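# A look at the structure
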Amino acid sequence: MVNAEERLERLARRLNKSKSKRKAKGNSMWNFQNKIILFTLVLFIIGVIAWTLLWLFIVQAENKDALYFVGLFRVSNIEFLPEYRQKESREFLSVTQNVNTTTGFIFVSAFSNNNNGGLLVHFWIVFVVPQAKGQVFCEDCVAAILKDSIQTSITNRTSVGSLQGLAVDMDSIVLSGTNCIYDLYADQLHQQFPLDISATSERMLCYFKLIALLGHLIRLSIVSIQIEADNCITDSVIIYDSLMPIKSKILYRICEPTDSLITFVSTNNLMLVTFKSTQIKKLKEVHGYFEVIPQESISAKGSAGFEGRITSPYFPSFYPPKCICTWNFQTPQKSLGIALKFHNYTISEKSIKGCEHGWWKINEHMYCGYYIDHQTIFHVASFAVNIELRCSSKISEKPLLVEYGSYNISQPCPLGYFKCSTGLCIQQAQRCDGTNDCFDESDELFCAVSKQNCNASLLIQHKSLTCNGINDCEDGRDEKNCTQSVPCNNNTFKCSNSTCIRKQNAKCDGAVDCLDGSDESCGSGKYSNTNHRIVGGSDTQEGEWPWQVSLHFVGVSYCGASVISKEWLLSAAHCFEGNRLSDPRSWTAHLGMRVQGNAKFVSTVRRIVVHEYYNSRNYDYDIALLQLSTPWPDTLRRVIHPICVPPLVHKARSGEKCWVTGWGQKQETGDDGSIILQKAEVEIVDQTLCHSTYGLITTRMLCAGVMSGKRDGCKGDSGGPLSCRSKGNGKWFLAGIVSWGYGCGRPNFPGVYTRVSNFALWIHKYVPSVL
Ligand code: 4AZ
């Protein structure tokens with residue numbers, strides 16, 4: 001029994017031992033698994049923490065935007081000292097510290113002088129904000145925060161705030177948002193500092209502050225600009241005569257791409273260039289450089305002999321605003337006067353209205369200056385001549401070059417000379433040469449065809465004139481020496497792809513017969529002649545004037561225009577005068593329309609190109625091109641159709657019958673525009689006769705009407721077409737653009753139109769498909 005018990009005890013002990021062994025074994029297994037789990041867990045937590053940190057510091061940081069605001073305010077109780085220009089000076093640091101510590105978020109960048117007293121404080125503020133789609137620079141919000149911080153008491157608001165004793169003129173605060181600022185220094189004379197900008201992100205607005213040596217000026221040279229051309233709506237390059245983008249300090253706005261060198265000069269040692277690019281679908285860039293140049297005396301006093309040249313300040317750069325130049329001339333004999341040859345410029349008697357492009361005083365007589373496309377000569381019948389030029393434009397102006405020499409005051413025009421209306425003599429050869437040599441342009445007024453129009457260089461420049469089967473030049477020199485013969489005979493019409501179609505039933509019949517559509521490319525229209533006249537005009541028929549466009553300004557019919565291609569319209573420059581009217585976003589073009597409101601096609605306007613020489617005083621160069629946002633579709637070809645643009649050498653013949661069309665007033669006074677498109681037949685009026693009626697008729701104008709009055713264009717018709725039908729090919733061409741006149745339909749006062757043929761090359765530059 002004992003043995004059995006002992007055995008049982010031993011067995012039990014063995015069992016226990018093996019149990020505890022297993023237990024020990026099981027324990028160590030658990031520890032190992034735990035360690036792995038624990039390790040994985042730790043790894044995971046570390047990973048999560050690392051990822052969170054990474055996300056916080058990198059990803060999040062990338063999604064944040066720094067919004068920069070640059071600004072300016074005037075401190076009225078401190079006067080500017082030269083020491084404020086030195087960043088290390090005690091004066092600079094004292095004011096800077098005061099501003100920085102009081103507000104905590106304004107950083108002073110510079111001080112400058114204020115003409116009306118006080119100190120101008122230039123500053124910047126930066127906000128780091130989460131990146132948001134469609135982010136806007138709320139300049140007013142930041143300005144409000146800024147004003148609250150500056151004002152000592154929010155309840156007791158006054159026009160003077162306080163920054164610990166600095167009296168801040170609250171009305172002087174200006175602020176502007178940007179997303180990048182660069183300070184660029186030009187600290188050495190005779191060295192070019194590059195300014196190369198390219199758009200790297202959408203909605204980019206960058207400020208490039210150009211800072212030159214004290215007491216010097218900055219000359220900025222723009223070599224090329226690649227931007228969207230839409231009147232500075234999408235993209236722009238703006239040059240300011242200060243470090244702040246203040247409207248009144250704009251030196252120049254560039255809204256179009258360019259690859260010809262233009263240079264600008266500041267009036268002090270600071271200049272700001274802003275670059276705005278809204279999209280980066282296309283390459284957007286600016287290439288240029290800037291230099292520090294010594295200050296020329298802007299109030300230059302030049303003394304001249306009797307032969308030489310005078311120029312605007314900083315020639316050939318654009319000359320800055322606020323200049324006064326004086327020159328004194330003396331000829332060797334009392335019988336000799338001074339002749340002034342203005343390049344691309346003219347002067348004429350100053351009227352009550354101010355001058356826009358230079359104010360001239362010549363021996364106590366006042367004149368206004370205008371840019372034009374040729375040279376003019378002005379004679380001063382005195383041996384001693386004092387000339388004063390004052391810049392009258394708020395922005396920089398194109399450089400001026402005036403050559404001068406003496407002429408015999410008493411000598412009547414010798415043989416071989418032409419007498420200008422002003423009494424001046426010019427060589428006969430200078431008549432009708434396209435370069436206007438008489439001061440009043442009388443040498444260019446009554447010419448058959450300008451000889452210069454068909455000189456060799458012009459034909460090389462505009463290959464479309466040569467060997468096109470049309471005698472563009474009067475002497476036919478554009479069609480001589482053509483190696484390829486014109487394959488179609490007199491009864492056929494040559495399509496642009498060189499195939500021939502039968503003329504009589506194919507060309508300009510409203511149906512496309514040439515495969516390339518060139519038989520209908522412009523000027524075909526169904527002509528009808530109805531007789532029920534309404535105050536000088538009559539109702540038109542549907543589709544009769546398929547190139548006629550009604551231009552609506554903020555929803556109201558305002559001007560007319562003509563279709564010249566799929567996306568371009570031609571109108572009058574004076575329709576787009578002023579800030580509001582020059583904004584393409586305010587306009588819609590109504591095409592294929594007879595009754596107002598029933599347009600077959602309506603498009604917004606993408607771009608308005610006003611002629612660079614447009615003169616608002618006498619409506620010279622009254623022409624503008626409009627680019628549609630959406631080209632009209634081919635499916636509307638029967639109701640919308642371009643009118644042909646006459647070639648450069650086309651001459652409107654007096655007595656020729658043409659039509660003026662529009663929705664303008666049917667009477668001179670007290671009448672709203674017409675609902676139905678009106679037409680009136682008018683005659684081209686002899687230029688001499690028109691000149692004697694109005695006086696100021698330039699070669700860029702032509703007159704048309706009926707001497708009895710009655711049939712005429714009127715207010716609201718401006719910009720619309722004067723359509724003539726070619727006797728040669730039956731096509732309609734745009735002889736004129738409704739421009740101005742003395743009243744409407746008055747006897748002996750014909751309507752004045754822009755002479756379109758004069759602008760054939762200008763139009764071709766923007767619309768190469770035309771001509
Ligand atoms: C105008 O004010 C206007 N009779 C247009 C044409 C004429 C006169 C005035 C010509 O838009």
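Residues numbered from 1 in each chain as written. Predicted model: local features only at pLDDT ≥ 70, side-chain atom pairs only at ≥ 80, totals over all residues. Heavy atoms only, no water.

### Some thoughts on the overall build of the chain
- Regarding its fold elements, the chain presents six helices and 42 strands.
- Expressed as a percentage of its 771 residues, the buried residues of the chain come to 48%.
- Long-range pairs, those at least 24 residues apart, make up 68% of the contacts in the chain between residues at least 6 apart in sequence.
- Accessible surface computed for the chain: about 38,700 Å², of which carbon and sulfur atoms make up 54%. (Helix = DSSP H or I, 4+ residues; strand = E, 2+ residues; numbered from the N terminus. Buried < 20%, exposed > 50% of the residue type's maximum accessible area, 1.4 Å probe, protein only. Contact = heavy atoms within 4.5 Å. Areas by Shrake-Rupley, 256 points an atom, 1.4 Å probe, with all protein chains shown as cover.)

### So, empty space enclosed by the protein
- According to the stated counting rule, one finds two cavities of 30 Å³ or more in the structure shown.
- Of the volumes computed, that of the largest cavity is approximately 110 Å³.
- If you go around the largest cavity, you meet 13 residues; those closest to its centre are Gly543, Glu544, Trp545, Met593 and Arg594.
- Broken down by class, the residue content of the lining of the largest cavity amounts to five nonpolar, five polar and three charged.
- Approximately 30 Å³ is the volume attributed to the second largest cavity.
- Considering the residues around the second largest cavity, the lining is formed by Val70, Gly71, Ser109, His122, Phe123, Lys209, Leu243 and Met244.
- Contributions of two or more residues to the lining of the second largest cavity are made by strand S1 (64-75) and strand S3 (119-130). (1 Å grid on protein atoms, 1.4 Å probe; cavity = no way out; pocket = protein on both sides within 12 Å on 5 of 7 lines; lining within 4 Å. Points joined across faces, edges and corners; volume = space filled by probe spheres on them. Nonpolar A, V, L, I, M, F, W, Y, C, P; charged D, E, K, R; others polar.)

### Comments concerning the state of the cysteines
- Evaluation of the coordinates by the stated rule reveals nine disulfides.
- A sulfur-sulfur separation of 1.6 Å characterises the disulfide bridge that pairs Cys180 with Cys206. The S-S bond linking Cys180 to Cys206 shows a torsion near -85°; that makes this disulfide left-handed. With Cys180 in strand S6 (residues 180-186) and Cys206 in strand S8 (residues 204-212), this pair connects stretches of sequence that are 26 residues apart.
- Two residues, Cys522 and Cys644, share a disulfide whose sulfurs are 2.0 Å apart. Taking the torsion about the S-S bond as the criterion, the Cys522 to Cys644 disulfide, at about 95°, is right-handed. (Disulfide = S-S within 2.5 Å.)

### Here's the deal with the packing of aromatic side chains
- Under the definition given, this model contains 33 aromatic pairs.
- Both rings, one in Tyr182 and one in Phe208, keep their centres 5.0 Å apart while their planes meet at 15°; by these two values the pair is stacked. Taken together, the positions of Tyr182 in strand S6 and Phe208 in strand S8 put the pair 26 residues apart, joining distant regions of the chain.
- Exposure remark for Phe208: the relative accessible area of 7% places this residue in the buried category.
- An aromatic cluster is defined as three or more aromatic residues linked by ring pairs; in this entry it consists of Trp327, Phe342, Tyr345, Trp360 and Tyr371.
- A cation sits over an aromatic face here: Lys398 above Tyr371, 4.6 Å from the ring centre. (Phe/Tyr/Trp six-rings, centres within 6.5 Å; stacked < 30°, edge-to-face > 60°. Lys NZ or Arg CZ within 6 Å of the ring centre and 35° of its normal.)

### Focus on the site of the ligand
- Around the ligand sit Asp712, Gly713, Cys714, Lys715, Ser718, Val738, Trp740, Gly741, Gly743 and Cys744, and that is every residue in its neighbourhood.
- Separating a nitrogen atom of the ligand from a backbone N or O atom of Gly713 is a distance of 2.8 Å.
- Taking Gly743, its main chain carries an N or O atom lying 3.0 Å from a nitrogen atom of the ligand.
- Looking at the shell around the ligand, its residues break down into four nonpolar, four polar and two charged. (Near = heavy atom within 4 Å. Polar contact = N/O pair within 3.5 Å; in protein donor to acceptor, adjacent residues only side chain to side chain.)

### Description of the pairing of strand S12 (residues 262-265)
- Of the two faces of S12, the one carrying Ile262 and Phe264 and the one carrying Thr263 and Val265 are both buried.
- Bridge count between strand S9 (residues 216-226) and S12: four bridges; the pairing is antiparallel. Bridge assignment links Ser221 to a residue of S12, and that residue is Thr263. (Pairing = 2+ DSSP bridges.)

### Quick word on the sheet that holds strand S24 (residues 401-408)
- Strands sit in the order S16-S24-S18-S22 across an open sheet of four strands; the sheet is antiparallel. Each end of this open sheet is capped by a strand with a single partner; those strands are strand S16 (308-311) and strand S22 (376-380). Going across the sheet, the axis of each strand differs from the next one's by a mean of 30°, ignoring polarity.
- Pairing of S16 with S24 involves four bridges; the strand directions are antiparallel. In the sheet register, Ile310 faces S24, and the bridge partner there is Val402. (Axes fitted to C-alpha atoms, helices over the stretch in contact; angles between N-to-C directions.)

### A closer look at the nonpolar core
- Membership of the largest hydrophobic core comes to 75 residues, with the highest contact counts inside it found for Leu340, Trp360, Leu551, Ile564 and Ile763.
- With residues near it in sequence (within four places) discarded, Leu340 still touches Ile362, Thr376, Ile377, Phe378, Val380, Ile387, Val402, Glu403 and Tyr404.
- Listed in part, the 29 residues of the second largest apolar core include Ile197, Met271, Val286 and Phe290. (Core = buried A, V, L, I, M, F, W, Y, C linked by side-chain atoms within 4.5 Å.)

### So, the side chain of Arg700
- Here Arg700 shows up in the loop between helix H5 (687-694) and strand S39 (701-705).
- The exposure class of Arg700 is buried, given its relative accessible area of 2%.
- A polar side-chain atom of Arg700 sits 2.8 Å from a polar atom in the side chain of Thr699.

### Topic: the confidence of the model for the chain
- In this model, the chain carries a mean pLDDT of 83, and residues with pLDDT of at least 70 account for 77%.
- Considering only residues more than four positions removed or in separate chains, one finds that residues 503-511, a stretch of pLDDT under 50, has 29 contacts. (pLDDT = per-residue confidence, 0-100.)

### With respect to a nonpolar patch on the surface
- The grouping of Leu41, Phe44, Ile45, Val48, Ile49 and Leu53 at the surface amounts to a nonpolar patch, some 550 Å² of accessible area in total.
- Tracing the sequence through the fold places Leu53 in helix H1 (residues 2-62). (Patch = residues over 30% accessible without salt bridge, like charges linked within 9 Å, V, L, I, M, F, W, Y side chains within 5 Å. Salt bridge = Lys/Arg side-chain N within 4 Å of Asp/Glu carboxyl O.)

### Let's talk about the pattern of salt bridges
- Enumeration according to the criterion identifies 17 salt bridges in this entry.
- Close ionic contact of Arg607 with Glu256 constitutes a salt bridge, the shortest N to O distance being 2.6 Å. One end of the pair, Arg607, is in strand S35 (residues 601-610); the other, Glu256, is in the loop between strand S11 (250-254) and S12, and 351 residues separate them in sequence.
- Relative accessible area serves as the criterion here: at 9%, Arg607 is assigned to the buried category.
- For Lys657, the salt bridge identified is with Glu683, shortest N-O distance 3.2 Å. Here the residue Lys657 occupies a position in strand S37 (residues 657-662), and Glu683 occupies one in strand S38 (residues 678-685), the gap between them amounting to 26 residues.
- Exposure remark for Glu683: the relative accessible area of 31% places this residue in the partly exposed category.
- Residues joined in a network through salt bridges with shared partners are Glu228, Lys282 and Arg606.

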